[in-house]
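Structural overview for review
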Amino acid sequence: MKVIFGLLLLVVFSALTSGQDNILTVGELFTAIVEGIVKLLAEAIKAIVEQIQKAIKDSCDQNGGSGAYENLTKVWSEANDFYNSHFNGFQQEVKEAKKVGNLSAVFKNYCRLSVPLIHHIHRLSDGAIKCSELENRPKLQHFRNMAERAINFACENNGVRIAVFVAEDGIDCVMSKDTALLNCGGNTTFGDLDTIQTFEFNQGVCENYKRIQECMVEALGECNKSAPAKLIDDFLNEIYSSSPCLSFIELN
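Observations regarding the packing of aromatic side chains
What the rule picks out here adds up to seven aromatic pairs. Geometrically, the ring pair formed by Tyr209 and Tyr240 is tilted, given 5.6 Å between the ring centres and 45° between the ring planes. With a gap of 31 residues between them, Tyr209 in helix α13 (residues 203-220) and Tyr240 in helix α14 (residues 227-241) connect regions that are remote in the sequence. Tyr240 matches Tyr209 in its accessibility class, with the two residues each being buried. Geometry around Phe153 places Arg161 over its ring, the cationic atom sitting 3.9 Å from the centre. In this arrangement the basic side chain of Lys210 is found over the ring face of Tyr240, its NZ or CZ atom lying 4.6 Å from the centre.

Right, dumping it as structure tokens:
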């Protein structure tokens, strides 16, 4: 749940800028999604925001008009405060709960925050959409929908899926297969994710997504327990089904 929030913030703010040099491969992106389940991304996101603050303001002034930048920084600050105040102890709580077999209670408690978390995502994405150029707004809406579906998927039945993933050594499984997971992506890219202007949901992207998903699930299937591979497969299917990719299947 935490990584999805962090990735959404990254996409939101990268949507407002262009011309960055870093290109993220598909393999690296998916590995970040998987490995980041229990990692706090707030500091990384904060650093990115600071680096592109002027570009964001210029974009807001140009596309959103008076007050758009101030609103975006306000909702960003509120979302960041919410995130930090509620999730800073997540990793330690999971670690302690795993020792005593009480993971379900921890995830149930955190999943109670899913509704306010989604509320902050909506406010933040609304502010970013207003600051974005018209052609980029549908893309941000798609990413917002995907983030919301991912949170709801993770927290269905009080977060039992996440609890099972951790209890079945899912984190260790992913970390032990990090090289194989990166190799699944090869040199394939989603485009320059530092500027959403070059990214497009198209049939090629969607086909690469499924190809890499199959590769990742096969790699994780080599772990001692089968649950991690199945849960990651289910998670990635949920993301796929909430994206525009289904429209390409229907056309075919």
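Observations regarding the confidence of the model for the protein chain
Across the protein chain, pLDDT averages 77, with 73% of residues at or above 70. Counted against residues more than four places away or in other chains, residues 1-42, with its pLDDT under 50, gives 133 contacts.

Brief notes about helix α12 (residues 178-185)
Those residues of α12 that sit buried are Leu181, Cys184 and Gly185. An end-on view of α12 places all buried positions within 100° of arc, on one side of the element. Residues of α12 that are exposed and point over 90 degrees away from its buried face: Thr179 and Asn183. Two residues or fewer after α12 comes Gly186, characterised by a positive phi angle close to 55°.

Thresholds applied
- Residues numbered from 1 in each chain as written.
- Predicted model: local features only at pLDDT ≥ 70, side-chain atom pairs only at ≥ 80, totals over all residues.
- Heavy atoms only, no water.
- Phe/Tyr/Trp six-rings, centres within 6.5 Å; stacked < 30°, edge-to-face > 60°.
- Helix = DSSP H or I, 4+ residues; strand = E, 2+ residues; numbered from the N terminus.
- Buried < 20%, exposed > 50% of the residue type's maximum accessible area, 1.4 Å probe, protein only.
- Lys NZ or Arg CZ within 6 Å of the ring centre and 35° of its normal.
- pLDDT = per-residue confidence, 0-100.
- Contact = heavy atoms within 4.5 Å.
- Arc of directions from axis to C-beta.

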